[in-house]
Amino acid sequence: MDLLDAAPIKAYGYELGFDLVRITGAEAFPETERVIKDRIAAGLMDGLPWFTSERAEVSCHPDALLPEARSIIALAMCYLSEPPEEPQDDLPRGRISRYAWGEDYHEVIKPKLKQFAEWLREYARREAGHELEARLFVDTGRMVDRAVAQRAGIGWYGKNTTILTRGWGSWVFLA
Ligand code: B12
């Protein structure tokens with residue numbers, strides 16, 4: 001992103017409704033790759049057949065996802081909302097994790113990422129006279145979302161392994 005001023009990029013991220021916007025370089029994540037491979041070898045990722053060592057070799061190397069990659073924009077969106085009123089009856093009920101209360105976050109965030117990428121392309125053309133390529137990831141993509149967020153300064157690893165942010169705690173989706 002060194003050819004482009006980062007301030008308007010961050011400002012646009014906030015305009016789109018993200019709560020934290022940071023930028024980091026597109027260098028590899030060798031420590032995360034080592035941890036993923038150790039966990040797979042120890043059988044800790046059983047039940048997630050798509051979570052393979054080969055996948056880690058891509059997801060921890062941004063240049064395998066986009067060869068000319070220079071920077072990664074790390075985004076966080078808070079999902080903390082007020083709990084609904086507790087029903088006053090004795091019927092047995094299950095509890096659903098807060099992150100699943102609203103609309104599917106993938107469907108909320110993906111259109112915003114597409115809009116961000118379109119804006120970035122236009123911004124790069126206008127400011128630097130060059131074409132910009134971008135790839136978009138939220139959760140299901142081959143990207144190590146937490147490692148990116150930590151390196152970019154979105155937050156730090158909490159004891160529950162989620163990224164804790166100043167202001168929103170761990171109640172954030174990453175993209
Ligand atoms: C696989 C996965 C799961 C699996 C986990 C399976 C397993 N055996 O671990 C399942 C389906 C169970 C799951 C559950 C949840 N997930 Co999930 N999941 C992912 C996914 C796709 C990959 C995460 C992963 O394992 N990466 C590989 C590991 C090795 O990388 P890493 O997490 O960066 O690992 C580092 C840390 O582990 C760190 N570390 C671990 N523990 C500690 C402790 C300390 C003290 C320190 C310093 C460091 C540290 O060291 C590693 C090396 O850098 C990511 C999205 C993505 N594309 O990254 C979402 C993601 C991690 N999930 C997310 C969420 C919200 C959840 C849930 C809270 C949802 C819910 N309410 O049920 C739970 C909670 C899980 C938890 N406490 O971590 C969010 C986390 C947001 C945040 N604030 O961090 C992500 C980032 C999705 C997103 N884009 O928003 N998830």
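Residues numbered from 1 in each chain as written. Predicted model: local features only at pLDDT ≥ 70, side-chain atom pairs only at ≥ 80, totals over all residues. Heavy atoms only, no water.

Trainee: What is the right way to look at the site of the ligand in this model?
Mentor: Near the ligand there are 28 residues, and of these Ser97, Arg146, Tyr157, Thr161 and Ile163 occur at the shortest range. Within the backbone of Leu44, one N or O atom sits 3.3 Å away from a nitrogen atom of the ligand. For the ligand, a nitrogen atom lies 3.0 Å from a polar atom in the backbone of Asn160. Looking at the shell around the ligand, the elements with two or more residues in it are helix H2 (30-41), helix H6 (145-152) and strand E5 (172-174). Sort the elements by how many residues they give to the shell around the ligand and H2 lands first, with 4 residues. Among the residues forming the shell around the ligand, the class breakdown is 16 nonpolar, 8 polar and 4 charged. (Near = heavy atom within 4 Å. Polar contact = N/O pair within 3.5 Å; in protein donor to acceptor, adjacent residues only side chain to side chain. Helix = DSSP H or I, 4+ residues; strand = E, 2+ residues; numbered from the N terminus. Nonpolar A, V, L, I, M, F, W, Y, C, P; charged D, E, K, R; others polar.)

Trainee: What exactly am I supposed to notice about unusual backbone geometry here?
Mentor: Trans is the common state for peptide bonds, and a negative phi is the common state for residues other than glycine. Even without being glycine, Asp139 reaches a positive phi, approximately 70°. The phi torsion at Thr161 lies on the positive side, around 75°, for a residue other than glycine. Along the polypeptide, Thr161 turns up in the loop between strand E3 (156-157) and strand E4 (163-164).

Trainee: Can you walk me through the packing of aromatic side chains in this structure?
Mentor: Two aromatic rings are characterised by how far apart their centres lie and by the angle between their planes. Counting across every chain of the model gives 10 aromatic pairs. Summarising the aromatic geometry, the rings of Tyr99 and Phe173 are spaced 6.3 Å apart at their centres and angled 50° between planes, so their arrangement reads as tilted. A residue pair is termed long-range when its members are at least 10 positions apart, and Tyr99 in the loop between strand E2 (71-78) and helix H5 (105-128) and Phe173 in strand E5 qualify at 74 residues. The exposure class of Phe173 is buried, given its relative accessible area of 10%. A cation sits over an aromatic face here: Arg98 above Trp171, 5.1 Å from the ring centre. (Phe/Tyr/Trp six-rings, centres within 6.5 Å; stacked < 30°, edge-to-face > 60°. Buried < 20%, exposed > 50% of the residue type's maximum accessible area, 1.4 Å probe, protein only. Lys NZ or Arg CZ within 6 Å of the ring centre and 35° of its normal.)

Trainee: Is there a simple way to explain the pattern of salt bridges in this structure?
Mentor: As enumerated under the stated definition, the model contains 10 salt bridges in all. The shortest N-O distance in the salt bridge between Arg125 and Glu122 comes to 3.5 Å. Of the two residues, Arg125 and Glu122 both sit in helix H5, 3 residues apart, roughly one turn of that helix. You can call Arg125 partly exposed: its relative accessible area is 38%. In this structure, the salt-bridge partner of Arg125 is Glu131, at a minimum N-O distance of 3.0 Å. Salt bridges sharing common partners tie together Glu31, Arg34 and Asp38. (Salt bridge = Lys/Arg side-chain N within 4 Å of Asp/Glu carboxyl O.)

Trainee: I'm lost on the packing of helix H1 (residues 6-15) against H5 in this one. Help?
Mentor: Each packed pair of helices is defined by two parameters, the angle between the axes and the distance between the axes. Between H1 and H5, the least distance of the axes is 11 Å, while the angle of their chain directions is 155°. As summarised for this structure, H1 and H5 are arranged roughly antiparallel, according to the angle between their axes. In this structure, H1 meets H5 at a crossing whose hand is right-handed. For the pair H1 and H5, the contacting residues are Pro8, Ile9, Tyr12 and Gly13 in the first and Gln115, Phe116, Trp119, Leu120 and Tyr123 in the second. Tallied by class, residues from the contact of H1 with H5 come to 7 nonpolar, 2 polar and no charged. (Axes fitted to C-alpha atoms, helices over the stretch in contact; angles between N-to-C directions. Parallel < 35°, antiparallel > 145°, perpendicular 65-115°, else oblique. Left-handed = near helix turned anticlockwise from the far one by under 90°. Contact = heavy atoms within 4.5 Å.)

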